[in-house]
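Structural description and commentary
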Amino acid sequence: MFKKKTEKLDYFDEFIKLAEWGVQSAEFLKQVLAEYPVADLSQKLDEMHEIEHNADLAKYRLMRYMYNDLLPPFDRQDVIALVTSLDHAIDMIEDVMIHIEIYQPQHITPEINQFLDLVEKSAEELLTAVRLLKTYKKSQKEIHVVIDRINACEKEGDCSTSTPCATSIRAMRMPSASLFWAKSINRWKIAVTPSRT
């Protein structure tokens, strides 16, 4: 029998779409928390879930395509690692929004807003790196420069979570709020941390 011809996908365009959804999720979370407390938080969570769902669909479509493709642009394990890492960052940002709805903190501290700036900056740098992959043979130096900036964001995130954010959490003196912020910061750190691929 004849095999159904599959739609042709450009791997690099699909990587870029995933990274763009990462930026969109970081910007959306930052916007929601800037306006916090939000009356329609569950609706905002639905909007965040839509971003995450679109990223999941793109991930699954690309993975299915890759398994049927004779020659992906680089090793299949590297494609899987990149796509999974991009999707995981979006999942972690969505998890923060889920925890905000569950724990309903009374306010967002300036330190948390600073950390959100860092998450957004990291997502933007990751998008820059992914865009450069399209010409990776010519862009290796530029990619390494962007990776260094992403690593600097990670280092800054490690420093900021160990001092002002931790101080802010302890100052709340509320076990549920402290647990919420500790979990949220851990998820943000995962989202900020680039893939080691």
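Residues numbered from 1 in each chain as written. Predicted model: local features only at pLDDT ≥ 70, side-chain atom pairs only at ≥ 80, totals over all residues. Heavy atoms only, no water.

1. Description of the overall build of the protein chain
Put simply, the rule reads: Helix and strand definitions here come from DSSP, where helices need a minimum of 4 consecutive H or I residues and strands a minimum of 2 consecutive E residues; each element is numbered from the N-terminal end. Note on definitions: a residue-residue contact is assigned when non-hydrogen atoms from the two residues lie within 4.5 Å. Areas reported here follow the Shrake-Rupley algorithm with a probe of radius 1.4 Å; residue values treat only the protein chains shown as occluding.
Helix and strand counts for the protein chain come out as seven helices and zero strands. Helices (α) and strands (β) of the protein chain occur, in sequence order from the N terminus, as α-α-α-α-α-α-α. Sequence separation of at least 24 residues holds for 81% of the intrachain contacts in the protein chain that already meet a minimum separation of 6. Accessible surface for the protein chain amounts to roughly 11,100 Å². Of this, 55% is attributable to carbon and sulfur atoms.

2. Regarding the pattern of salt bridges
A side chain with one charge can pair with a side chain of the opposite charge if their charged atoms come near. Counted only if it meets this: Just to be clear on terms, a salt bridge is a Lys or Arg side-chain nitrogen sitting within 4 Å of an Asp or Glu carboxyl oxygen. Buried residues are those whose accessible area, probed at 1.4 Å on protein chains only, stays under 20% of the maximum for their type, while exposed residues exceed 50% and partly exposed ones sit between those limits.
By the definition in use, this model includes eight salt bridges. Its salt-bridge partner being Glu20, residue Arg131 comes within 3.2 Å of it at the nearest N-O pair. Within this pair, whereas Arg131 is found in helix H4 (residues 110–133), its partner Glu20 is found in helix H1 (residues 11–34), the two being separated by 111 residues in sequence. Among the residues examined, Glu20 registers a relative accessible area of 36% and is labelled partly exposed. Note that Asp117 is salt-bridged to Lys30, the shortest N-O span being 2.8 Å. With a gap of 87 residues between them, Asp117 in helix H4 and Lys30 in helix H1 connect regions that are remote in the sequence. Overlapping salt bridges, with partners in common, bring together Glu14, Lys17 and Arg61 in one network.

3. Describing the packing of helix H2 (residues 41–68) against helix H3 (residues 76–103)
Note the following rule: Note on definitions: angles span 0 to 180 degrees between N-to-C directions of axes, and those axes are lines fitted to C-alpha atoms, for helices only across the stretch in contact. Orientation labels follow simple angle bins: below 35 degrees gives roughly parallel, above 145 gives roughly antiparallel, 65 to 115 gives roughly perpendicular, and whatever is left gives oblique. Any residue outside Ala, Val, Leu, Ile, Met, Phe, Trp, Tyr, Cys, Pro, Asp, Glu, Lys and Arg is labelled polar, Gly included; the first ten of those are nonpolar and the last four are charged.
Relative to each other, H2 and H3 sit at 170°, their axes nearing to 10 Å. Between H2 and H3, the interaxial angle falls into the category roughly antiparallel. Grouping the constituent residues of the contact of H2 with H3 by class yields 16 nonpolar, three polar and nine charged.

4. Points about the side chain of Glu14
Test applied: Any pair of N or O atoms that falls within 3.5 Å is considered a polar contact. Within protein, one atom must be able to donate a hydrogen and the other to accept it, and sequence-neighbouring residues count only if both atoms are side-chain atoms.
Mapped onto the secondary structure, Glu14 falls in helix H1. In this structure the side chain of Glu14 is engaged in a polar contact, spanning 2.9 Å, whose partner is the side chain of Arg61. With sequence-adjacent residues up to four places away left out, Glu14 is seen in contact with Leu9, Ala58, Arg61 and Leu62.

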